[in-house]
Amino acid sequence: LAARLCSYAQGLALLSAASREHGWELQLEQLAVIWRGGCIIRARVLEMVRAAYAREPALPNLLLDPAVAAEMASRSAGWRRIVAIAVQRGIPLPALSGSLSYYDSFRTATLPSAQCIQAQRDCFGGHGYRRLDSEGVFHTEWEAK
């Protein structure tokens, strides 16, 4: 359930951003109702999605709804355990592990992976990087050893 909620959160965040950019005025609660009544999706989890957007139509991300956040917190340990066991055994779980990465990225203010990407862009393209401890854009003369 946690991975599915994350997938919906990510997809709905994209739809919300596109709606703002293109003036579509999408109502995410109504999308959940329509999808629930469809012939393919019809997932029960969509009722939780619908309820979240009924409570807060301008919710920036589904994961910020208190009921969804509580559900995610109660299921994250098992979710992590499944992904870890699969990784240890060389079993690919792209949807489960990708959703878990999205969840962890969303909950973290500072991502070490983003800092690594900035360093790589500076090393290979001289794009510069921002530091956490100082304002401005910095560049390093990287040396190969």
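Residues numbered from 1 in each chain as written. Predicted model: local features only at pLDDT ≥ 70, side-chain atom pairs only at ≥ 80, totals over all residues. Heavy atoms only, no water.

Visitor: Help me understand the layout of surface pockets, please; the structure alone is not making it clear to me.
Guide: It is a probe the size of a water molecule, rolled over the atoms, that shows where empty space is left. Empty space within the largest pocket amounts to approximately 230 Å³. In terms of lining residues, the largest pocket is bounded by 13 residues, among which Ser-16, Leu-26, Gln-27, Leu-28 and Pro-57 are the most central. Going through the elements one at a time, helix H1 (2-22) and helix H2 (28-36) are the ones with two or more residues in the lining of the largest pocket. A per-class count over the lining of the largest pocket returns six nonpolar, four polar and three charged. (1 Å grid on protein atoms, 1.4 Å probe; cavity = no way out; pocket = protein on both sides within 12 Å on 5 of 7 lines; lining within 4 Å. Points joined across faces, edges and corners; volume = space filled by probe spheres on them. Helix = DSSP H or I, 4+ residues; strand = E, 2+ residues; numbered from the N terminus. Nonpolar A, V, L, I, M, F, W, Y, C, P; charged D, E, K, R; others polar.)

Visitor: Got a minute to help me understand the packing of aromatic side chains in this structure?
Guide: What characterises a pair of aromatic rings is the spacing of the ring centres plus the angle enclosed by the ring planes. Following the criterion strictly, the structure yields four aromatic pairs and no others. For Arg-131, the ring lying beneath its charged end belongs to Phe-138, and the centroid distance is 4.9 Å. (Phe/Tyr/Trp six-rings, centres within 6.5 Å; stacked < 30°, edge-to-face > 60°. Lys NZ or Arg CZ within 6 Å of the ring centre and 35° of its normal.)

Visitor: Before we go on, may I ask you to explain the side chain of Asp-65 in this structure?
Guide: Within the secondary structure, Asp-65 is located in the loop between helix H3 (45-55) and helix H4 (66-88). A polar side-chain atom of Asp-65 sits 3.1 Å from the main-chain amide nitrogen of Val-68. Contacts of Asp-65, omitting those with residues within four sequence positions, involve Ala-52, Arg-55 and Leu-59. (Polar contact = N/O pair within 3.5 Å; in protein donor to acceptor, adjacent residues only side chain to side chain. Contact = heavy atoms within 4.5 Å.)

Visitor: Explain the nonpolar core to me, please; I cannot follow it from the model alone.
Guide: The tendency in soluble globular proteins is for nonpolar side chains to be buried as a group. In terms of nonpolar packing, the biggest core is built from 26 residues, with Tyr-8, Val-49, Leu-62, Leu-63, Met-72 and Trp-79 touching the most fellow members. Mapped onto this core, the elements with two or more residues apiece are H1, H2, H3, H4 and helix H5 (94-107). No other element matches the seven residues that H1 contributes to this core. (Core = buried A, V, L, I, M, F, W, Y, C linked by side-chain atoms within 4.5 Å. Buried < 20%, exposed > 50% of the residue type's maximum accessible area, 1.4 Å probe, protein only.)

Visitor: Teacher, can you tell me more about the packing of H1 against H2 here?
Guide: Helix-helix packing: each pair is described by the crossing angle between the helix axes and the interaxial distance. Contact pair H1 / H2: the axes reach a minimum separation of 11 Å and the direction vectors enclose 125°. With respect to H2, the axis of H1 lies oblique. Our pair here, H1 against H2, has a crossing hand that is right-handed. Taken together, the residues of H2 that come into contact with H1 (itself represented by Tyr-8, Leu-12, Leu-15 and Ser-16) are Leu-28, Leu-31 and Trp-35. Counted by class, the contact of H1 with H2 contains six nonpolar, one polar and no charged residues. (Axes fitted to C-alpha atoms, helices over the stretch in contact; angles between N-to-C directions. Parallel < 35°, antiparallel > 145°, perpendicular 65-115°, else oblique. Left-handed = near helix turned anticlockwise from the far one by under 90°.)

Visitor: Is there a simple way to explain unusual backbone geometry in this structure?
Guide: Excluding glycine, a negative phi dihedral is what most residues carry, and trans is how most peptide bonds are arranged. Phi angles above zero are rare outside glycine, and Glu-25 is one such case at about 55°. Locating Glu-25 in the fold gives a position in the loop between H1 and H2.

Visitor: Where do I start with the pattern of salt bridges in this structure?
Guide: Oppositely charged side chains may form a pair once their charged atoms are brought near each other. Counted according to the given criterion, the structure contains seven salt bridges. Close ionic contact of Arg-75 with Glu-71 constitutes a salt bridge, the shortest N to O distance being 2.4 Å. Note that Arg-75 and Glu-71 are positioned in helix H4 at a spacing of four residues, about one turn of the helix. Judged by relative accessible area, Arg-75 falls into the partly exposed class, the value being 38%. A salt bridge links Arg-131 to Asp-133; the shortest N-O distance between them is 2.8 Å. Classification of Arg-131 by relative accessible area gives partly exposed; the value is 36%. (Salt bridge = Lys/Arg side-chain N within 4 Å of Asp/Glu carboxyl O.)

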